[in-house]
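# Examination of the molecular architecture
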Amino acid sequence: MSHHLPEILSKFSGFLRAGQIILQHAHHKVKGTAFHSDHEFFKESYEAWGDAFDGISERLIGLYGNNSYQPEEILTDTQKLIEAIDLSADPNALYDIQLVLEQGLCDIVESICRATECTEGTKQLVGDEANKSEIRIYKVKQRCGKL
Ligand SMILES: [Fe+2]
């Protein structure tokens, strides 16, 4: 792993923003018999991803200064991720996308915690996001009968 922590945190920030937008689209587009609970769950999810985006971006700036936060890069990464995803209105397809996003979040957290310069505080911050993500993974898998 050749990436340094500020670069990984910046990528994480962009990924969280992209995930937030995708999950908010899911909140808007989902249809079906479980509409009310699906609509609500996607709302909780996109709000959680938005909060995570805010917290990680602030940590990045707090540790490495204003110049470490590159909104243009974040927007580019966000656009690429959104373009790569086909958003239908089918709840199961949307939940499959969420599982990929949640697993991506957990994977990035692993790489952040492995970075030698990662502080205990930052490990806790990102670990808390992975913990919340694993709870959402459980809920999605239960919802979709994948457990
Ligand atoms: Fe809404």
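Structure: above.
This structure is a prediction, so every number in the text was calculated from the model and none was measured.

### Let's talk about the overall build of the protein chain
- Helix and strand counts for the protein chain come out as five helices and zero strands.
- Secondary structure elements of the protein chain, listed N to C terminal, follow the sequence α-α-α-α-α.
- Rg of the C-alpha trace for the protein chain: 15 Å, near the compact-globule value of 15 Å for 147 residues, within the 12% margin.
- Structurally, the protein chain occupies a C-alpha span of about 50 × 30 × 25 Å along its principal axes.

### Overview of the packing of helix 1 (residues 5-29) against helix 4 (residues 91-114)
- Two elements in contact, helix 1 and helix 4, have axes separated by 10 Å at closest approach and are oriented at 165°. On the basis of the axis angle, helix 1 is roughly antiparallel to helix 4. In this structure, the crossing between helix 1 and helix 4 has a hand that is left-handed. Contact with helix 1, carried on its side by Leu5, Ile8, Leu9, Phe12, Phe15, Gly19, Ile22, Leu23 and Ala26, involves Leu94, Ile97, Gln98, Leu101, Gly104, Ile108, Ser111 and Ile112 of helix 4 and no other residues of that element.
- The residue makeup of the contact of helix 1 with helix 4, split by class, is 13 nonpolar, four polar and no charged.

### Structural notes on helix 4
- For helix 4, with 24 residues, the first-to-last C-alpha span of 35 Å sits near the 34 Å given by 1.5 Å per residue.
- Along helix 4, the residues that are buried comprise Pro91, Leu94, Tyr95, Gln98, Leu101, Glu102, Leu105, Ile108, Val109 and Ile112.
- On its buried face, helix 4 sits against helix 1, helix 2 (35-64) and helix 5 (120-143).

### Quick word on the environment of glutamine 70
- Of note, glutamine 70 is situated in the loop between helix 2 and helix 3 (71-83).
- Judged by the 15 C-beta atoms lying within 10 Å of it, glutamine 70 falls in the partly exposed class.
- Taking the C-alpha atoms as reference, glutamine 70 lies 34 Å from aspartate 90; in sequence the two are 20 residues apart.

### Quick word on the environment of glycine 14
- Mapped onto the elements of the fold, glycine 14 is located in helix 1.
- Accessibility expressed as a C-beta count within 10 Å gives 24 for glycine 14, which makes it buried.
- C-alpha separation for the pair glycine 14 and valine 100, spaced 86 residues apart in sequence, amounts to 16 Å.
- Every residue in contact with glycine 14, bar those within four places of it in the chain, is listed here: Glu73, Ile74, Asp77 and Thr78.

### Things to note about the nonpolar core
- Formed by 26 residues in total, the largest nonpolar core has its most connected members in Phe12, Leu16, Ile56, Ile108 and Ile112.
- Contributing elements (two or more residues each) for this core: helix 1, helix 2 and helix 4.
- For this core, the element with the most residues is helix 1, which contributes nine residues.
- Leave out the neighbours within four places in its chain, and isoleucine 112 touches Leu5, Ile8, Leu9, Phe12, Cys118 and Val126.

### Details of the packing of helix 1 against helix 3
- For the pair helix 1 and helix 3, interaxial distance at closest approach is 8 Å and the crossing angle is 45°. Between helix 1 and helix 3, the crossing angle belongs to the class labelled oblique. Where helix 1 crosses over helix 3, the two elements pack in a sense that is right-handed. Every residue of helix 3 that contacts helix 1 at Ser10, Lys11, Ser13, Gly14, Phe15, Arg17, Ala18, Ile21 and Ile22 is listed here: Glu73, Ile74, Asp77, Thr78, Leu81 and Ile82.

Parameters at a glance
Residues numbered from 1 in each chain as written. Predicted model: local features only at pLDDT ≥ 70, side-chain atom pairs only at ≥ 80, totals over all residues. Helix = DSSP H or I, 4+ residues; strand = E, 2+ residues; numbered from the N terminus. Rg over C-alpha atoms; globule rule 2.2 N^0.38 Å. Axes fitted to C-alpha atoms, helices over the stretch in contact; angles between N-to-C directions. Parallel < 35°, antiparallel > 145°, perpendicular 65-115°, else oblique. Left-handed = near helix turned anticlockwise from the far one by under 90°. Contact = placed C-beta atoms within 7 Å. Nonpolar A, V, L, I, M, F, W, Y, C, P; charged D, E, K, R; others polar. Expected span 1.5 Å × (residues − 1). Buried ≥ 20, exposed ≤ 12 C-beta atoms within 10 Å, placed from the backbone. Core = buried A, V, L, I, M, F, W, Y, C linked by C-beta atoms within 7 Å.

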